[in-house]
Amino acid sequence: MRTRTPFTCTVALVAVSLLGAAGCAGNDSSDDADADAAPRTVKAVTGCGARSWTDPSDLAPEREPARCDRGAPAPQPLAKKRKITVATGTLSAEYVAPLQVAVAKGEFTKEGLDVSLKVLPTPDALPLLAKGDVDAQWAAPEAAVMNGIKGGFVIKWVAGNFSPDPASKSGLWVRLKDGERADHVDMAGRKLGTMIGKGSVIAYPMDTSLKKHGGGLDKISFQQLGSADVLTALQNGGVDSAWLLDPIWRKVDDDKRYAFLGGQPVGEPLGGLLFGPTLLNKDPDAGVAFLRAYIRTVNTYFAGDYKSDPAFVAELAELMKTDEATLRSTPSMRMDWEIRKGTTDRLQKAYADSGVSTGSPVPEDKAVDRAMYGEAVGHRP
């Protein structure tokens, strides 16, 4: 008999709660069908030309992210003001900064949106998103999300967040044994410390890195730790490998006892905005307006090496409640609102490999909607 790990039980409980939420949301099916049947008009957008859309199948690491001109797409205020609640797991991570800047700079207000950011753990937020109690979630298509979609409720990934700078070493780190070097590490049987479990999107790049070194999600053991404990456990021998985020990996970067084995694919966002039934179907005008403000914020404040501007770094540090030196210690992220083709397929394969997802995978068109950000920049399919 196989023993169920605490993390597996957590995923199962989240899935059950999501299935319950799906049942409660079932009365909205007629609204969903009507919305799907009504095509939306897509018009050209000033300042958003050919560079504002890239081929979703382009996975090249050197791919330049889509961009419009600074200040574009211009606001199109809604006739009636809408209140929108966005759930996010944290407000201190750099990848959440575009939302915080959009609020602080009034970009959502320019669209007629009153946006509030609410800190909620993903397991707590997902059922609320499915029922429409929150309108959007800044998260990722994790295993619990995909299992919930299988259960029948309406949630889609509608915009990306970022991909790492090629110089970033956020990802899988290992403490080398005698005779090992970075290009020759046997990961099978190792214990990996992480605050992210097997059902997270990080399972996909983690599995890729492990398999290059004789491992795999099914060949290692996990120890879930708090964010402040992961590095400590790696350094004191509590675990012999760890997934280290920005800027924590800087603590071991110059130490020859440790090696970086790989991180998130360059050029492929793994998270971003999830919309529930309210913004997808009941009020898509507000959904497009939200994406327009988000995209404008990226184009205006995060288009390139935003950390080269000391004044802006100071603003970010204040918003994120971190010190400027910490923020400057890692390269600027490549903020990217687009979603690559096949990402949800690759994620689901990793979930299946790790044993937190079973059955047929969710087709991409059931989990991803690129049409709304396409409309925001004037891209006609």
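To start, this report covers the structure provided alongside it. (Residues numbered from 1 in each chain as written. Predicted model: local features only at pLDDT ≥ 70, side-chain atom pairs only at ≥ 80, totals over all residues. Heavy atoms only, no water.)

**Points about the overall build of the protein chain**
Across its full length, the protein chain carries 14 helices and twelve strands. Here the protein chain holds 381 residues, and 52% of them are scored as buried. Sequence separation of at least 24 residues holds for 82% of the intrachain contacts in the protein chain that already meet a minimum separation of 6. (Helix = DSSP H or I, 4+ residues; strand = E, 2+ residues; numbered from the N terminus. Buried < 20%, exposed > 50% of the residue type's maximum accessible area, 1.4 Å probe, protein only. Contact = heavy atoms within 4.5 Å.)

**Structural notes on the environment of Ala286**
Take Ala286: it is sitting in helix H9 (residues 284-301). Exposure remark for Ala286: the relative accessible area of 0% places this residue in the buried category. Put simply, Ala286 and Gly112 are 174 residues apart on the chain and 8.7 Å apart in space, counted from C-alpha to C-alpha. Filtering out sequence-adjacent residues up to four positions away, Ala286 remains in contact with Leu78, Arg82, Ile84, Leu113 and Leu279.

**A closer look at helix H6 (residues 203-211)**
When you tally the buried positions in H6, you get seven out of nine residues, the bulk of the element. By the burial criterion, the buried members of H6 are Ala203, Tyr204, Pro205, Met206, Asp207, Ser209 and Leu210. In the core, the buried residues of H6 are packed alongside strand S6 (171-175), strand S7 (191-194), strand S8 (221-224), strand S9 (241-244), strand S10 (258-263) and helix H12 (343-354).

**Let's talk about the state of the cysteines**
Throughout the structure, instances matching the rule amount to one disulfide. The disulfide partner of Cys48 is Cys68, and the gap between their sulfur atoms is 2.1 Å. Between Cys48 and Cys68 the sulfur-sulfur dihedral comes to about 110°; the bridge is accordingly right-handed. On the criterion of sequence distance, the pair formed by Cys48 in the loop between helix H2 (29-37) and strand S1 (82-88) and Cys68 in the loop between H2 and S1 is long-range, its members being 20 residues apart. When sorted by exposure, Cys48 lands in the same class as Cys68, which is buried. (Disulfide = S-S within 2.5 Å.)

**Notes on helix H5 (residues 143-150)**
Across the eight residues that make up H5, a large majority, seven, are buried. Burial in H5 covers these residues: Ala143, Ala144, Val145, Met146, Asn147, Gly148 and Ile149. After H5 finishes, the residue Gly152 shows a positive phi value of roughly 115°.

**A closer look at the side chain of Ser163**
Along the chain, Ser163 turns up in strand S5 (residues 162-163). Residues in contact with Ser163, not counting those within four places in the same chain, are Gln264, Pro265, Val266, Gly267, Glu268, Pro269, Met333 and Arg334.

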